[in-house]
Structures are given as structure tokens and as C-alpha cells.
Amino acid sequence: PGDVVTAMNGKTIEIDNTDAEGRLILADALCYASNMKPLAIIDVATLTGAMDIALGQAATGVFTNSLTLWHHIFQAGFNCGERMWRMPLYQHYTEQIESDVADLRNTGKKRSAGACTAAAFLKEFVDVKHWAHFDIAGVMDNSANAVPYLNKGMSGRPTRALVEIARRLSANELD
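Scope of this entry: the structure provided in the associated data block. Given the structure is predicted, the values throughout are model-derived calculations rather than measurements.

Glancing now at the nonpolar core. Counting 31 residues, the largest nonpolar core has L30, M51, F63, F121, L122, F125 and W131 as the members making the most contacts within it. Looking at this core, the elements with two or more residues in it are helix 1 (22-35), strand 3 (41-45), helix 2 (49-55) and helix 5 (114-123). Broken down by element, the residue count for this core peaks at seven residues, all from helix 5.

Written out as C-alpha cells, the structure reads:
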């Protein structure tokens, strides 16, 4: 804690919690992907235990800057039986990752809303009109038999939804 690193896009990040290292790597991956100028970016990660606490195994938590992309995500999940739940990306969460010594902190100033502040952090590294982050910490396994037709263990969720999203986007315009 206390170190400051520079991301691929030049933003500086105060390392407040070394257990939140995955989002640093994902930040650079999002910068790299944004440089390719895609129509949309969807990233998938078991980013926070906070998402598991918020939604459990019932639904994938989705953060997005695009209502159009959200409609495709929601409908794709509905079509294939994988629940998607849109989570907020309020400015409040961005303010929680402000730093006195860098552009951003890698965690929020408080423990509350950990999944939301993590997504707000990632959003700072995306430079495309349509982006979504799936936090799959809650749905990655089926240990509680939340989905009766899946075996216990790793679930593969939301793979079916991602395939359906790709199918939908290949047939429809985003703008």
C-alpha cells in the first residue's frame, strides 16, 4: 500500500489494497482493447467478493455505460436462462476512488459498495461508447445448487449468455 503506478493510458493509481491486483491488470487490458476501437467491449471477471454477497448465485452483476448494450445483454440472458442484473455506476462511486496522490485509488475509500467502486475504477480505462463489465464472483460456481440443471462445482456461467450476446450483436447495430 502507498505505491503509485501508471496505467497504459497514463492515469496514475494509488495502490491502497494489494488484494485488488486483478483490476490493475484488467485496467491495462481495457486500455489495450479500447485502442483497437471496437464497437463494444465486454469484460468478465471474478472481480469482487462483494458481488457474491450482493447477488449470490442468482444473477450475474452487470455494469455498463450503454443502455443499448444493456438491452442486448438482458435479452440474451433471458433467452438462454442466465439471469443478468444491472448494477449502478453512479458518480458517487467514482468519487469514492479519488486519490490525494494519484488520479485514482485501486479501491474505494470505504468498504461499502465494493463491486460498484471496482466497476467505477474499470470504467476509467474504457474509451468506447458501449462497454459492460460482468462481475461473475457469485455465479462462477454452483456449490449451492442455485441452478438445478448444473452439476456442483464450476458452472461456466455466463458463457451461454456471452454466446447469445455475440449472436445478437452480429445481427444488430449498436447505434
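There is more to say after this.
Here we take up the sheet that holds strand 2 (residues 12-14). Taken together, three strands build an open sheet; the order of strands is 1-2-6 and the sheet is mixed. Two strands lie at the open edges of the sheet, namely strand 1 (4-6) and strand 6 (104-105), each paired on one side alone. Two elements, strand 1 and strand 2, share three bridges in a ladder whose sense is antiparallel. Following the sheet pairing, T6 is matched in strand 2 by T12.

Pairing between side chains becomes possible if they bear opposite charge and their charged atoms approach one another. Tallied over the entire structure, the rule returns five salt bridges. Note that K37 is salt-bridged to D127, the shortest N-O span being 3.9 Å. With K37 in the loop between helix 1 and strand 3 and D127 in the loop between helix 5 and strand 7 (131-135), the pair connects residues that are 90 residues apart, well separated along the chain. Here K37 and D127 have matching classes, each one exposed.

Take the packing of helix 1 against helix 5 next. Between helix 1 and helix 5, whose axes approach to 9 Å, the crossing angle comes to 35°. Remark: the crossing between helix 1 and helix 5 carries right-handed chirality. Residues R23, L24, L26, A27 and L30 of helix 1 pack against A118, F121 and L122 of helix 5. Of the residues contributing to the contact of helix 1 with helix 5, the split by class is seven nonpolar, no polar and one charged.

All right, on to the packing of aromatic side chains then. According to the stated counting rule, one finds three aromatic pairs in the structure shown. Summarising the aromatic geometry, the rings of W70 and F74 are spaced 5.8 Å apart at their centres and angled 50° between planes, so their arrangement reads as tilted. One end of the pair is W70 and the other is F74, both in helix 3 (residues 67-80) and four residues apart, which spans about a single turn. Residue W70 is classed as buried on the basis of its relative accessible area of 11%. A centroid spacing of 5.0 Å and a plane angle of 55° characterise the contact between F121 and F125, whose relative ring orientation is tilted. Accessibility expressed as a relative area gives 2% for F125, which makes it buried. Directly above the aromatic system of F125 lies the positively charged group of K11, at a separation of 6.0 Å from the ring centroid.

Here is what the cut-offs are and how they apply
- Residues numbered from 1 in each chain as written.
- Predicted model: local features only at pLDDT ≥ 70, side-chain atom pairs only at ≥ 80, totals over all residues.
- Heavy atoms only, no water.
- Core = buried A, V, L, I, M, F, W, Y, C linked by side-chain atoms within 4.5 Å.
- Buried < 20%, exposed > 50% of the residue type's maximum accessible area, 1.4 Å probe, protein only.
- Helix = DSSP H or I, 4+ residues; strand = E, 2+ residues; numbered from the N terminus.
- Pairing = 2+ DSSP bridges.
- Salt bridge = Lys/Arg side-chain N within 4 Å of Asp/Glu carboxyl O.
- Axes fitted to C-alpha atoms, helices over the stretch in contact; angles between N-to-C directions.
- Left-handed = near helix turned anticlockwise from the far one by under 90°.
- Contact = heavy atoms within 4.5 Å.
- Nonpolar A, V, L, I, M, F, W, Y, C, P; charged D, E, K, R; others polar.
- Phe/Tyr/Trp six-rings, centres within 6.5 Å; stacked < 30°, edge-to-face > 60°.
- Lys NZ or Arg CZ within 6 Å of the ring centre and 35° of its normal.

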